[in-house]
Amino acid sequence: MARELGREIVILHRHPLHTSERKVHLYSAREHVWFLLRLVLRPRAILRSREACHIWYDGRR
């Protein structure tokens, strides 16, 4: 769509993405392992359910 509008597309490859480690520190190793195990066993069901992805959506901060 950008090209159709005559705009230039720029890929920022020199600016690496740095994510926050906040979620890693908020949850125990057990909680992370449990989530990853469920994700491996049932990826579609887990990723389509907000309740199953509680690590991202709950109010813990």
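Below: a short report on this structure. Predicted, not measured: the structure shown is a model, and the values here were computed from it. (Residues numbered from 1 in each chain as written. Predicted model: local features only at pLDDT ≥ 70, side-chain atom pairs only at ≥ 80, totals over all residues. Heavy atoms only, no water.)

**Description of the overall build of the chain**
As a reminder, the rule being used: Comment: elements are numbered from the N terminus, with helices defined as DSSP H or I runs of at least four residues and strands as E runs of at least two. In this setup the radius of gyration rests on C-alpha atoms only. A globule is expected at 2.2 Å times the number of residues raised to 0.38. When accessible area is computed with a 1.4 Å probe and restricted to protein chains, residues below 20% of their type maximum are described as buried, those above 50% as exposed, and intermediate ones as partly exposed. We call two residues in contact whenever any of their non-hydrogen atoms come within 4.5 Å of each other. Under the counting rule used here, the positive set is Lys and Arg, the negative set is Asp and Glu, and His together with the chain ends is not counted. Charged groups are reduced to one reference atom each: NZ for lysine, CZ for arginine, CG for aspartic acid, CD for glutamic acid.
From N to C terminus, the chain includes four helices and zero strands. Listing each helix as α and each strand as β along the chain from the N terminus yields α-α-α-α. For a compact globule of 61 residues, the expected C-alpha radius of gyration is about 10 Å, and the chain comes in at 18 Å, more than 25% above that figure. Viewed in the frame of its principal axes, the chain has a C-alpha envelope of about 50 × 25 × 20 Å. A buried classification covers 11% of the 61 residues belonging to the chain. A separation threshold of at least 6 residues defines the contact pool for the chain, and within that pool the share at least 24 residues apart is 39%. In the chain, the 13 positive side-chain charges and the 6 negative ones have mean positions that sit 4 Å from each other.

**So, the packing of aromatic side chains**
Note the threshold: Two rings from Phe, Tyr or Trp (for Trp, the six-membered ring) form a pair when their centres are within 6.5 Å of each other. A pair whose planes differ by under 30 degrees is stacked, one over 60 is edge-to-face, and the rest are tilted.
For the structure on display, the rule yields one aromatic pair. The interplanar angle of 90 degrees and the centroid separation of 5.3 Å between the aromatic rings of F35 and W56 together place this pair among those described as edge-to-face. Of this pair, F35 sits in helix α2 (residues 29-41) while W56 sits in helix α4 (residues 54-57), placing them 21 residues apart in sequence.

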